[in-house]
Number of protein chains: 2
Amino acid sequence: MSLLFKSPLTRSARRFTCLTRSISNNRPHFPCVEAHALRESHIRKSGLSSTSSSSDDGPEPPYARPNPKSYHVYHDPSPLSLTYASLLPSFDVAYETWGTLSPRKDNVILLHTGLSASSHAASTPTNPSEGWWEKFIGPGKPLDTNNFFIICTNVIGGCYGSTGPSSIDPTTGKHYGTNFPILSIFDMIRAQFRLLDHLGVKKLYASVGCSMGGMQSLAAGWLHPERVGKVVSISGTARSSPSAVAMRYAQRSVLMADPNWNNGFYYDGLPPHTGMKLARQIATITYRSGPEWDSRFGRQLRQLPSSSTPEESGLPRTPALCPDFLIETYLDHQGEQFCLKYDANSLIYISKAMDLFDMTASTLKTLNLQAHRPSTLSSDDSSSVPPSQVMHKTSHSKSHPPPVNPPPYLPDLAEGMQPLAHIPTLILGVQSDILFTVEQQREMADALRMAGNDGVSYYELGGVWGHDTFLLDVLNVGGAIRGFLS
Amino acid sequence: MSLLFKSPLTRSARRFTCLTRSISNNRPHFPCVEAHALRESHIRKSGLSSTSSSSDDGPEPPYARPNPKSYHVYHDPSPLSLTYASLLPSFDVAYETWGTLSPRKDNVILLHTGLSASSHAASTPTNPSEGWWEKFIGPGKPLDTNNFFIICTNVIGGCYGSTGPSSIDPTTGKHYGTNFPILSIFDMIRAQFRLLDHLGVKKLYASVGCSMGGMQSLAAGWLHPERVGKVVSISGTARSSPSAVAMRYAQRSVLMADPNWNNGFYYDGLPPHTGMKLARQIATITYRSGPEWDSRFGRQLRQLPSSSTPEESGLPRTPALCPDFLIETYLDHQGEQFCLKYDANSLIYISKAMDLFDMTASTLKTLNLQAHRPSTLSSDDSSSVPPSQVMHKTSHSKSHPPPVNPPPYLPDLAEGMQPLAHIPTLILGVQSDILFTVEQQREMADALRMAGNDGVSYYELGGVWGHDTFLLDVLNVGGAIRGFLS
């Protein structure tokens, strides 16, 4: 078995040969299931040669061997207080930058990432590999480095250089694991603003983010309205829906059921790679849309290796229980690519932070947040006009009509979002997005307008790419951002 | 731990107490993860006292202890040839009936089930427990037992009395496991028609089914157009979409990754109950719709047991990584309820049969089907007018306009569905269904009309129940069926 893994050719053959009727001991075998054990054997071998700094010789996945030369790390020795009542005694924030900071430090765009992204949004001299938003950042691009100084961080809770569950807890000298505190989106912002303080950036030109980054972008404006010039939320939400919670819960469930997860304490052993693969397969379903798969894969089957094409017997090809339709091989591939790239606990903690994100006033009031906002923005702030009173004052127009069937919590959301009432905000969403639905884009725009914000730009995109549109549609997503920022 | 399981009270406390910060050995624990081991311990204990007929003393889940007095079993000693080139040497079909067979045997409705249902569609004298379509079957109900004799079977491949992977292979004396042949929806129909032959039923008054049952209903009309009077498809499809394949693939993947699955040979040991629970959680997401969850659960959290309500400290409640939002506890509960009720291999084989279902002519031609259709319906059948020629002859009207954006495979689908051209057909779908989308309902109706069928009744329902509407909306689903059948 382990020999198979050493040869790329044989390995590839293993993946694409799934003849459930190939019988040994009169029993079928399942290469897609065997792949889990093969992967484990591979991790064991590569782990023994890892340059782990741990006292244990246990194997480590790639994210545990970061290249600190490819990004900056801001270490803050002071505690970071958190939304849910505990704190981090100290923390690191990994970050990268593009463009030139102006002498007045007034050209800064803070770019927020989605769930599993690193700070590497675009290539840099120290890390020339392509970033996750390569086509959006650079001279003349939507985030134009001729004008702006762009900062992107790895979020707190992540595993790409910032403090997260895989980090060493300074109070114990061991990996945090699930002793890591539950995080909120607001906590990510607090850590980022400590970095901005360190860099001497008093006010952002704009806070920009996609997906979970859209949540962060709103949270930045909410926590620090005086320090955020503009807010951009692409395919984000102000209130995670039960459907999105359900889909992320399914991912966490399969991950936590992997015996390797070991209640989150796997850093000296094998990571829950099988659970991660299965979780990523589920996630991938939520990232694209049915119409894209219709046109891209349809009901096509994978090509069989020439050695195993069915005989010209007139018999139909026997379907396999392992990946057989192209859509299945696509999900399998996405899971396989991801399962060792990202820390399982980071996925659990950050996806939970997304679930918890809810800007309705009734929820925000229960959180440990008010103490961390400037006192000028307490509840007697002059901008805090009850939403019922501003409902008819807002700038509804032909392209911004009042909502026809507003959700019952809209006034509550408007009240919660009132600190953003004076920040020009771009909301952009995608009609084929099943994770951050277009209804959620509309409710964000409506809530901001109800809160008295007359600077809301709102766009919906069509197309078949679903949630991932923000990674793919440079023309339309990039165009809207360029127009809004200039 | 095992003591916990013996007390229902303590068990309930276990499920609803998920304090991730309750620390033993300074590490959090996770009741939702421990539940898997507790369940396993429970199965081991109950299994040892099972009345297993197996030579092995291994535990058996409830479906392996059927009550043959509560349904009929038709045993057919002759082989059943299958779509994908192999055969079953003999087979059983479990079935139940309601109403009275007319002397001419011309009042029979064959009711087809969804994926995991048994033949117990409604209560009977020998099994008074509520059936899965209880409100639809009975005197004066949509399937009116004053007029009709209704037959419902457990499909071939299932685990409720019909031959499936958990059955004993007569050629080896052992459970089939994954030596069971790959099935198609057409194979299920073939087995059912062998039962009809046995009962002396020459022609069905109607073939009725929901979800996978809708596929079967169409397949019955396709294989035996001369023996099917009317076809009803509720929330079915004529061609599984890549999205639906993706969602079922995700379920099979988590199931097959459960070490207990053991390549499908677990019948003498422990069933893959954890994989089944995780798979059912994913399935449940596809059965309902976001809008229902918005109104039913919103973002509500579970109630904490009174012993563990947070102190009045002013601190926010600490979120748990185990089920905490009501939507999470709902998915957890659905998975827990299902995981020992149904055979894992049946789920794998039947969900695969659903994925494979595709009535486009180009696919049907590759299958081992034509030999099993009456020779009068070969390709030179007079009803086989090319769809391109009938496109403009069909009964499009104001409520049945021609499709605006037909999928590119529509003519292919119309050609494939041509054997149904002369069978009055009811297509009913639900706009909030994410598994069998409304677009698929429209394409079925359009394809039938293109094939020359001028007896297509077509309805779409609104509402928030998604795919499960067929189980819940007696008024509208039942009303459409009643009107169509009378």
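Residues numbered from 1 in each chain as written. Chains lettered and ligands numbered in written order. Predicted model: local features only at pLDDT ≥ 70, side-chain atom pairs only at ≥ 80, totals over all residues. Heavy atoms only, no water.

Student: Could you give an account of the sheet that holds strand β13 (residues 206–210) of chain B, with specific residues and numbers?
Tutor: All names here are of chain B. Strand order in the open sheet formed by 8 strands is β3-β6-β10-β7-β13-β14-β15-β16, and the pairing between neighbours is mixed. Since the sheet does not close on itself, it has two edges, and those belong to β3 (72–76) and β16 (456–461), each with one partner. The mean angle between the axes of side-by-side strands here comes to 20°, regardless of whether they run parallel or antiparallel. Pairing analysis gives 6 bridges linking strand β15 (residues 425–430) to β16, with the strands arranged parallel. (Pairing = 2+ DSSP bridges. Helix = DSSP H or I, 4+ residues; strand = E, 2+ residues; numbered from the N terminus. Axes fitted to C-alpha atoms, helices over the stretch in contact; angles between N-to-C directions.)

Student: Would you mind going over the packing of helix α4 (residues 185–199) of chain A against helix α5 (residues 212–223) of chain A in detail, with residue names and values included?
Tutor: Residue and element names in this part refer to chain A. With their axes 9 Å apart at the nearest point, α4 and α5 run at an angle of 65° to one another. When the axis of α4 is compared with that of α5, the two are roughly perpendicular. Crossing of α4 over α5 shows right-handed handedness. Counting all contacts with α4, which are made through Ile-185, Phe-186, Met-188, Ile-189, Arg-190, Gln-192 and Phe-193, the residues of α5 involved are Met-212, Met-215, Gln-216, Ala-219, Ala-220, Trp-222 and Leu-223. The residue inventory of the contact of α4 with α5, partitioned by class, reads 11 nonpolar, 2 polar and 1 charged. (Parallel < 35°, antiparallel > 145°, perpendicular 65-115°, else oblique. Left-handed = near helix turned anticlockwise from the far one by under 90°. Contact = heavy atoms within 4.5 Å. Nonpolar A, V, L, I, M, F, W, Y, C, P; charged D, E, K, R; others polar.)

Student: So what's going on with the interface of chain A and chain B? Which residues, and what values?
Tutor: Contacts between the two partners involve 70 residues from chain A, matched on the other side by 70 residues from chain B. Together, Tyr249(A), Arg299(A) and Leu321(A) form the three largest contributors to the area buried by chain A at its contact with chain B, with a combined 14%. Counting across the interface, chain A meets chain B through 6 salt bridges. Taken together, the connections running from chain A to chain B amount to 16 residue pairs in polar contact (both at pLDDT 80 or more). For the side of chain A that touches chain B, the secondary structure elements donating two or more residues are β2 (27–28), α3 (31–48), α6 (242–256), α7 (273–287), α8 (290–296), α9 (326–338) and α10 (344–356) of chain A. Top element by residues in the side of chain A that touches chain B is α6(A). It accounts for 11 residues. Grouping the constituent residues of the side of chain A that touches chain B by class yields 39 nonpolar, 18 polar and 13 charged. (Buried area = accessible area lost by both parts, 1.4 Å probe. Salt bridge = Lys/Arg side-chain N within 4 Å of Asp/Glu carboxyl O. Polar contact = N/O pair within 3.5 Å; in protein donor to acceptor, adjacent residues only side chain to side chain.)

Student: For the pattern of salt bridges, give the residues involved together with the corresponding values.
Tutor: All chains considered together, the criterion is met by 40 salt bridges over all chains. Taking the shortest distance from any N to any O, the salt bridge between Asp355(A) and Arg252(A) comes out at 2.6 Å. Of this pair, Asp355(A) sits in helix α10 while Arg252(A) sits in helix α6, and the two are 103 residues apart along the sequence. Arg252(A) shares its class with Asp355(A); the two are buried. For Glu292(A), the salt bridge identified is with Arg288(A), shortest N-O distance 3.1 Å. Salt bridges linked by common partners bring Arg248(A), Arg252(A), Lys352(A), Asp355(A) and Glu328(B) together as one network. (Buried < 20%, exposed > 50% of the residue type's maximum accessible area, 1.4 Å probe, protein only.)

Student: An account of the environment of Tyr266(A) is requested, with residue identities and associated values reported.
Tutor: Residue and element names in this part refer to chain A. Note on placement: Tyr-266 falls in the loop between α6 and α7. Each C-alpha atom of the pair Tyr-266 and Arg-482 lies 44 Å from the other, and the pair is 216 residues apart in sequence. Here the side chain of Tyr-266 touches Asn-345 through a polar contact of 2.9 Å, landing on its backbone nitrogen.

Student: If you had to explain the side chain of Asp332(B) to someone new, which residues and values would you point to?
Tutor: Residues and elements named next belong to chain B. Looking at the secondary structure, you find Asp-332 in helix α9 (residues 326–338). Given the relative accessible area of 8%, Asp-332 is considered buried. There is a polar contact of 2.8 Å between the side chain of Asp-332 and the side chain of Lys-277.

Student: I'd like a description of the environment of Leu448(B), backed by residues and values.
Tutor: All names here are of chain B. Structurally, Leu-448 is set in helix α14 (residues 438–450). Look at Leu-448 and you get buried, because its relative accessible area is 1%. Distance in space between the C-alpha atoms of Leu-448 and Ala-37 is 51 Å, their sequence separation being 411 residues. Non-local contacts of Leu-448, meaning those with residues more than four positions away in its chain, are made with Met-417, Leu-420, Thr-425, Ile-427, Asn-453 and Val-456.

Student: Could you give an account of the sheet that holds strand β7 (residues 108–112) of chain A, naming the residues involved and the relevant values?
Tutor: All names here are of chain A. Ordered in space as β3-β6-β10-β7-β13-β14-β15-β16, the 8 strands form an open sheet in which the pairing is mixed. Both edges of this open sheet fall to β3 (72–76) and β16 (456–461), since each of them pairs with a single strand only. Here the average twist between neighbouring strands, direction ignored, is 20°. Across the sheet, α4 is in contact with β3, β6 (91–98), β7 and β10 (149–153); its angle to β6 comes to roughly 65°.

Student: Give me the lowdown on the packing of aromatic side chains, citing residues and values where you can.
Tutor: The geometry of an aromatic ring pair is captured by the separation of the ring centres together with the interplanar angle, meaning the angle of the planes. Residues and elements named next belong to chain A. Across all of its chains, the model carries 26 aromatic pairs over all chains by this definition. Linked through ring pairs, Trp-132, Trp-133 and Phe-136 together constitute an aromatic cluster. The side chain of Lys-230 reaches across the aromatic face of Phe-484, ending 5.2 Å from its centre. (Phe/Tyr/Trp six-rings, centres within 6.5 Å; stacked < 30°, edge-to-face > 60°. Lys NZ or Arg CZ within 6 Å of the ring centre and 35° of its normal.)

Student: How would you sum up the domain arrangement of chain A? Please name residues and give values.
Tutor: Residue and element names in this part refer to chain A. In terms of domain boundaries, chain A breaks down into domain 1 (1–49) and domain 2 (69–303 + 322–373 + 410–486). Relative placement of domain 1 and domain 2: their C-alpha centres are 35 Å apart. Tallying the contact residues gives 14 residues for domain 1 and 14 residues for domain 2. Both faces considered, domain 1 and domain 2 share a buried interface measuring about 1,300 Å² in area, 61% of it formed by carbon and sulfur atoms. In this structure, Arg-39 and Glu-336 form a salt bridge, with 2.8 Å as the shortest nitrogen-oxygen distance. In terms of residue count, the dominant contributor to the side of domain 1 that touches domain 2 is α3 (8 residues). In terms of residue class, the side of domain 1 that touches domain 2 is made up of 7 nonpolar, 3 polar and 4 charged. (Domains from an automatic or database assignment.)

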